[in-house]
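Each chain, letter by letter, is given below.
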Amino acid sequence: MKLLALFLSVAFCYQSFAQTKTSAPTNVKSLPYNQWSVGVNIGGHYGMHWTNSFTKAYQIGYFNGHVRYMQNNLIGWKLDAAYDNFNFTNGASNTQKLRFSIESVVNLTDVMHINDYSDRVGLLGHAGLGYTAMWNVPYTSTAPAGLFKIGDGSVDEMGHFILGLTPQYKINDQLSLNADLAFLLHVRQNRKFDFANPSPMNSGFTGYMWNWSVGATYYIGKKRNHADWDHTPRIPRN
């Protein structure tokens, strides 16, 4: 939690810095780079807690789609949706998980001077919060109509915090490849990941897990470059 709070504080400090860097407002149309992007990732999960059953780190069972807006070449925001299918190694029935997140994004490429060595390698940091629903098929009544009847114990609803790093490799001005490693901390998770426990767990910060993935980002706009790859010292505001 302290690490997440620190990251969010740094993000907001950068945003304030970006807004005071220039002496006069700059119109969005005059920005030298594009600000919007969309992306997809595929990967797996590991290190879940609590659970009696486990998955293998190399199993593919995680899918993510996101839309990102960079306010300038340092700070941005991201909306993402992700789906996990937990295929347990001991034969326990699969658990499904769906989450939605809103995150602050920091372009760490300049901060860590990565661009001093390569104009194609970048690094983003992201942190935020959101909503998660997790269910296990044997606990549902009459799927799909009864899938989200929360009262029958078939679905565990919770909040979550997320913190992650995204290395990037620029293919061209419209496309980059990426890898992502994210840590998720669940709030008020009432059942284990494999739904094996017959009674609810204690409320609070009871569950956590890791997601890893690889994917691609497509940059939207007519300008040659995107904010991810703009390293000019000027940081205009909207």
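A quick note: this is a predicted structure, and the numbers were derived from the prediction, not measured.

Draft legend 1. Structural view of the nonpolar core. M48, F86, F88, M134, M158, I162, A182, L184, F193, F195 and M209 form the largest nonpolar core, which has 11 residues in total. Every element with two or more residues in this core is listed here: β7 (155-170) and β8 (175-187).

Draft legend 2. Up close: the environment of G65. Within the secondary structure layout, G65 lies in strand β3 (residues 62-70). Each C-alpha atom of the pair G65 and G215 lies 9.5 Å from the other, and the pair is 150 residues apart in sequence. The residues touching G65, leaving out its near neighbours within four places in the chain, are G39, V40, L79, D80 and A81.

Draft legend 3. The arrangement of the pairing of β7 in detail. The pairing of strand β6 (residues 121-136) with β7 spans 15 bridges and is classified as antiparallel. Following the sheet pairing, G125 is matched in β7 by L165. Sheet topology note: the β7/β8 ladder contains 10 bridges and is antiparallel. Residue pairing across strands places Q168 opposite N178, the latter belonging to β8. In sequence, β7 turns back onto β8 through a hairpin of 4 residues.

Draft legend 4. Layout of the sheet that holds β6. Within the closed barrel, the 8 strands sit side by side as β2-β3-β4-β5-β6-β7-β8-β9. Their pairing is antiparallel. Sheet twist, expressed as the average angle between the axes of neighbouring strands with direction ignored, equals 25°. Direction of pairing for strand β2 (residues 36-49) relative to β3: antiparallel, over a ladder of 8 bridges. Bridging across to β3, N41 finds its partner in N64.

Draft legend 5. Structural detail: the confidence of the model for the chain. Per-chain confidence: the chain averages 83 in pLDDT, with 76% of residues scoring 70 or above. Ranking the helices and strands of the chain by mean pLDDT puts β3 first, with 98, and helix α1 (residues 2-21) last, with 46. Counting contacts from residues 17-26, a segment whose pLDDT is below 50, to residues more than four positions away or on other chains yields 18 contacts. Every residue in residues 234-238 scores below 50 in pLDDT, and together they form 27 contacts with partners more than four places removed in sequence or on other chains.

Draft legend 6. Representation of empty space enclosed by the protein. This structure, assessed with the given rule, holds 1 cavity of 30 Å³ or more. Reported here for the largest cavity is a volume of approximately 190 Å³. Lining the largest cavity are 21 residues, and of these H66, K78, H126, T166 and D180 sit closest to its centre. Listed by contribution, the elements that provide at least two residues to the lining of the largest cavity are β3, β4 (75-86), β5 (95-107), β6, β7, β8 and β9 (207-220). When residues of the lining of the largest cavity are assigned to their parent elements, the largest contribution, 4 residues, is made by β3. Looking at the lining of the largest cavity residue by residue, the classes come out as 5 nonpolar, 10 polar and 6 charged.

Draft legend 7. Inspection of the pattern of salt bridges at higher detail. Enumeration according to the criterion identifies 5 salt bridges in this entry. For K170, the salt bridge is made with D173, and the minimal N-O distance between the two is 3.3 Å. Its relative accessible area of 11% is what places K170 among the buried residues. Look at D173 and you get partly exposed, because its relative accessible area is 24%. Taken together, the salt bridges that share partners define one network made up of K170, D173 and R224.

Draft legend 8. Examining the packing of aromatic side chains more closely. Under the definition given, this model contains 7 aromatic pairs. Here F161 and F205 contribute two aromatic rings whose centre-to-centre distance is 6.4 Å and whose plane-to-plane angle is 40°, an arrangement assigned as tilted. Within this pair, whereas F161 is found in strand β7, its partner F205 is found in the loop between β8 and β9, the two being separated by 44 residues in sequence. Judged by its relative accessible area of 22%, F161 is partly exposed.

Calculation notes
Residues numbered from 1 in each chain as written. Predicted model: local features only at pLDDT ≥ 70, side-chain atom pairs only at ≥ 80, totals over all residues. Heavy atoms only, no water. Core = buried A, V, L, I, M, F, W, Y, C linked by side-chain atoms within 4.5 Å. Buried < 20%, exposed > 50% of the residue type's maximum accessible area, 1.4 Å probe, protein only. Helix = DSSP H or I, 4+ residues; strand = E, 2+ residues; numbered from the N terminus. Contact = heavy atoms within 4.5 Å. Pairing = 2+ DSSP bridges. Axes fitted to C-alpha atoms, helices over the stretch in contact; angles between N-to-C directions. pLDDT = per-residue confidence, 0-100. 1 Å grid on protein atoms, 1.4 Å probe; cavity = no way out; pocket = protein on both sides within 12 Å on 5 of 7 lines; lining within 4 Å. Points joined across faces, edges and corners; volume = space filled by probe spheres on them. Nonpolar A, V, L, I, M, F, W, Y, C, P; charged D, E, K, R; others polar. Salt bridge = Lys/Arg side-chain N within 4 Å of Asp/Glu carboxyl O. Phe/Tyr/Trp six-rings, centres within 6.5 Å; stacked < 30°, edge-to-face > 60°.

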